[in-house]
Amino acid sequence: MDFKDHIVLWNHAAVEVIDIRKASFISGQPPLKYRLPASTYLYIVRGSASLLIDDSRYEISGATVFHGGKGTTIKLLKTHEILDYYLIMYRSTLTLPARRNLTALLDRSKPFTASYHCTPAHPLPLYEILDQMYGEWQTGSDLEHLHVKALFYQWVHELLRQMQGQELHPLRADVLDQAVRYMHDSYSRPFTLDSLAGTLGTSPRTLSRLFRIRLQTSPAQYLVQIRMDKARELLLGTEATLHDIAASVGYPDAYSFGKMFKKHFGNSPVRYKNSVQAASPWRDMISALSANDIAREGTLGYIDDDNHYQYDLKGASSMFRTSKPSLMLTLLLCFTIVLSACSSGTATTTTAGNGSNTPSSSPAATASSTTSPDNTAAEAQTRTISTIKGDIEVPANPQRVVVLYLLGDVLALGIKPVGVSSVNEGAAFENELKDVQKLGSWFEASPEAVLSLDPDLIIVPSEETYNALHDIAPTVLVPYEKMTTVERVSFIGHTLNKEDQATSLLNDFNAKVEDSKLKLKEAGILDSTISIMEGGGERSMLVIMSKQYGRGSQVLYEYLGMKAPEKIQQKIDSKTDVGGESVSFEVIADYSGEYIFRSSYDGMTDLTGDPIWNSIPAVKEGRLMNIDFGLSYYNDIYSLNAQLDYMVDALLTAPRVN
């Protein structure tokens, strides 16, 4: 540990004293264990003892100073007589003007979080200052606490003065133990194996070997196990939405979380929860403890591109909100049926033209009601279509459509829905749907909210949403993941009785693609390499390696036919399940095309001062282009049109490759 760096960083530190404690450890007393809640100085005044610091054993005698960061474990094992000591807990950050220049120094030296110890040459001055700090801290007044802060700087100065010329002795804690503790503490945040190994002062290869030898698993598998255990606890023990659970265990959205959950447990979150509740004799009283008993003790799952990115948290609802009971849906359905029956039995209207009395219909039945003595008109108002769930009777001209996820396809066909799943900020259709009722995450829209809209047609993207909503109104499941854009748009056009519009829409899009390719070719851009990236935190980037991952990948790699750098193109051509991979900054240049699109969102990492990032030719020469995450997230035809316009315009206005 470089002592000069230590002093420089303390000179620029803003400090908050959190607590000061004074205690004694007596011979014969059971071992005491502290897990430090913040950066802490342990100052042993007198006595001798054996202690463990992060499982490393030390024998101390007389005045000694130990320092540890948040999460460090200190265990006092035994003392021969009595051990008197103080704990100073504090929080420290760099002042803003100095932060940019000193961040690298802070990452290297870590004076506020590193574990080390030293033996002061003159312990009495340290004791006198610390004893005064403790006395004034106990008064509890703001003025005295301010003085304690001043005294703390004086105490640190005295400690550093005495240590000048001495060697700071880093505490070599067990690397695997530190890694495991970090994962348990930080599973909700994205990080990579490279960044974790770097933080612990080891190599990714060494860390992986430690996991394999001592835990019989890999770091990635261990992290997934932590996340899935916590996710299962929240799923079964709370009413949190899938979006909130995903965010709390480190996944960007419900879809990514659901995909990993299914891979790990063999079933989607909704089905898993339903199966566990069905197996319980007290279905409404599932606790986290009983859930763990029911759930299988399976092997650790494999992590794909788990640590992608961080975004879309500002709109998250309360994790432990109370949702309406499922009984409400049943009551509302029954109420609707009763009203319909009463209306059919008592109210009549005279049909124009024939003077006959015909039963009037409830609002929920308007799509299939008849207005003539025979069934001809009724048949004209409905159609039967074939779906993967069998033949379904749908309105001939639906008026009140609810759609989840596939919003842009429906909107592009001229239908404005009455209810939609949540819309990401910046989506191409955000303004068009701003006044439309939002129903929550597309993965688990509220049945009660859907029912209240009195829809005559529901379009859903998954089995789970189909099962939740198909009793409310005719519901069409669109298996979009197994369909091409042409197949999906054509099917939705058929469902909405707008086949001609769908054909025209696709023809117009294909014509625009050909026109865009010609413009790019004439500008000398079409044959250039191009990359799509996201993130930037923890010294890594998510690099898109698929035509179907969103972020504009379908527009660039499939429709425009542009190529990625060789390392990415190999993955794209292999058509593996890998949608994206986290790539360390040390090798990011190998994945950087002549042009780069970076998915942007509020709170993303600012890389303007990063030397490695700025050394990439595309960045250095102005061919880095940001694309809003909301715009690039969707793959519907409405969004693809908007992405095509934006990306082609950005490429044409960017500096050319020399």
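As the structure is a computational prediction, the values presented were derived from the model and not from experiment.

What counts, and where the lines are drawn
Residues numbered from 1 in each chain as written. Predicted model: local features only at pLDDT ≥ 70, side-chain atom pairs only at ≥ 80, totals over all residues. Heavy atoms only, no water. Helix = DSSP H or I, 4+ residues; strand = E, 2+ residues; numbered from the N terminus. Buried < 20%, exposed > 50% of the residue type's maximum accessible area, 1.4 Å probe, protein only. Contact = heavy atoms within 4.5 Å. Pairing = 2+ DSSP bridges. Core = buried A, V, L, I, M, F, W, Y, C linked by side-chain atoms within 4.5 Å. Polar contact = N/O pair within 3.5 Å; in protein donor to acceptor, adjacent residues only side chain to side chain. Axes fitted to C-alpha atoms, helices over the stretch in contact; angles between N-to-C directions. Phe/Tyr/Trp six-rings, centres within 6.5 Å; stacked < 30°, edge-to-face > 60°. Expected span 1.5 Å × (residues − 1). Arc of directions from axis to C-beta. pLDDT = per-residue confidence, 0-100.

*Asks:* Where do I start with the overall build of the protein chain in this structure?
*Replies:* Secondary structure summary: the protein chain contains 25 helices and 24 strands in total. When burial is assessed residue by residue, the protein chain has 49% of its 658 residues classed as buried. For the protein chain, restricting intrachain contacts to residue pairs at least 6 apart in sequence, the fraction spanning at least 24 positions comes to 69%.

*Asks:* Mind showing me how you'd approach the pairing of strand E14 (residues 390-395) here?
*Replies:* Strand residues, when the strand is regular, have side chains that alternate between the two faces of the sheet. Two strands pair when backbone bridges link them, and strand E13 (residues 382-387) and E14 are joined in this way by six bridges, in the antiparallel orientation. Residue pairing for E14: Thr382 is matched across the bridge by Pro395. Hairpin connection between E13 and E14: a loop of two residues separates the two successive antiparallel strands.

*Asks:* In this structure, what is going on with the side chain of Thr465? I would like to understand it.
*Replies:* With respect to the element layout, Thr465 can be found in helix H17 (residues 463-469). Given the relative accessible area of 3%, Thr465 is considered buried. Sequence-distant contacts of Thr465, that is, excluding residues within four places in its chain, are made with Leu404, Trp442, Phe443, Glu444 and Val460.

*Asks:* I keep staring at the sheet that holds strand E16 (residues 419-420) and nothing clicks. Help me out?
*Replies:* In a beta sheet, neighbouring strands are held together by backbone hydrogen bonds and run either parallel or antiparallel to one another. Within the open sheet, the five strands sit side by side as E17-E16-E15-E18-E19. Their pairing is parallel. Lying at the two open borders of the sheet, with one neighbouring strand each, are strand E17 (437-438) and strand E19 (475-477). Both E16 and E17 contribute to a ladder of two bridges, which runs parallel. Bridged to Val420 within E17 is Lys438.

*Asks:* I tried to follow the nonpolar core on my own but got confused; where do I start?
*Replies:* For soluble globular proteins, the rule of thumb is that nonpolar side chains tend to be buried together. Phe257, Ile459, Leu496, Leu556, Met562, Phe597 and Leu651 are the most contacted members of the largest nonpolar core, which has 129 residues in total. When residues of this core are assigned to their parent elements, the largest contribution, nine residues, is made by helix H8 (residues 219-237). Once you skip the residues sitting within four places of it in the chain, Met562 turns out to touch Leu520, Ile525, Leu526, Ser528, Ile530, Leu556, Tyr557 and Leu651. Ranked by size, the runner-up nonpolar core spans 32 residues in total, among them Ala13, Val17, Tyr43 and Tyr86.

*Asks:* Explanation requested: the side chain of Gln569 in the structure shown.
*Replies:* Mapped onto the elements of the fold, Gln569 is located in helix H21 (residues 566-574). Residue class for Gln569 comes out buried when judged on its relative accessible area of 10%. In terms of polar contacts, Gln569 uses its side chain to reach the backbone amide nitrogen of Ala564, at 2.8 Å. Ignoring sequence-local partners within four residues, the contact set of Gln569 consists of Lys563 and Ala564.

*Asks:* Can you walk me through the sheet that holds strand E2 (residues 32-35) in this structure?
*Replies:* Across the sheet, which stays open at both edges, the four strands sit in the order E2-E7-E4-E5 with antiparallel pairing between neighbours. Only two strands of the sheet have a single neighbouring strand rather than two, namely E2 and strand E5 (56-61). Taken over all neighbouring pairs, the strand axes of this sheet differ in orientation by 20° on average, direction set aside.

*Asks:* Explain the packing of aromatic side chains to me, please; I cannot follow it from the model alone.
*Replies:* Each aromatic ring pair is described using two quantities: the centre-to-centre distance and the angle formed by the ring planes. Applying the stated criterion across every chain yields a total of 25 aromatic pairs. Between Trp10 and Tyr90, the ring centres sit 5.7 Å apart and the planes meet at 40°, which makes this aromatic pair tilted. Placement of the pair is Trp10 in helix H1 (residues 3-11) and Tyr90 in strand E8 (residues 82-94), with a sequence separation of 80 residues. Since its relative accessible area comes to 0%, Tyr90 is described here as buried. Measuring from ring centre to ring centre gives 5.7 Å for Phe211 and Tyr222, while their planes differ by 65°; the resulting arrangement is edge-to-face. With Phe211 in helix H7 (residues 204-215) and Tyr222 in helix H8, this residue pair connects regions lying eleven residues apart in the sequence. There is no split in this pair, since Phe211 and Tyr222 are both buried.

*Asks:* How should the pairing of E5 be read in this particular structure?
*Replies:* Where burial is concerned, the two faces of E5 differ: the one with Ser56, Tyr58 and Ile60 is buried and the one with Arg57, Glu59 and Ser61 is not. One ladder, built from six bridges, connects strand E4 (residues 48-53) with E5; its direction is antiparallel. For Leu51, the partnering residue across the bridge sits in E5 and is Tyr58.

*Asks:* Help me understand H7 in this model?
*Replies:* Each α-helix turn comprises 3.6 residues. Residues three or four places apart therefore point the same way. In this model H7 runs 16 Å from its N-terminal to its C-terminal C-alpha over twelve residues, within 8% of the 16 Å that 1.5 Å per residue would give. Within the sequence span of H7, burial applies to Leu207, Ser208 and Phe211. Each buried residue of H7 lies within a common arc of 100° when the element is viewed along its axis, so the set occupies one face. Residues of H7 that are exposed and angled more than 90 degrees away from the buried face: Arg205 and Ile213. One or two positions beyond H7, positive phi appears at Gln216, with a value near 55°.

*Asks:* What exactly am I supposed to notice about helix H11 (residues 269-279) here?
*Replies:* Along H11, the residues that are buried comprise Pro269, Tyr272, Lys273, Val276 and Gln277. The arc enclosing the buried residues of H11, seen along the axis, measures out at 125°, which places them on a common side. Exposed positions of H11 whose direction lies more than 90 degrees from the buried face are Ala278 and Ala279.

*Asks:* Mind showing me how you'd approach the confidence of the model for the protein chain here?
*Replies:* Do not read the predicted coordinates in detail wherever pLDDT is low. The pLDDT averaged across the protein chain works out to 79; a share of 80% of its residues lies at or above 70. The low-confidence segment residues 282-329 (pLDDT under 50) makes 100 contacts with residues lying over four places distant or belonging to another chain. A low-confidence stretch, residues 337-379 stays under pLDDT 50, and its non-local contacts, those more than four residues away or across chains, total 41 contacts.

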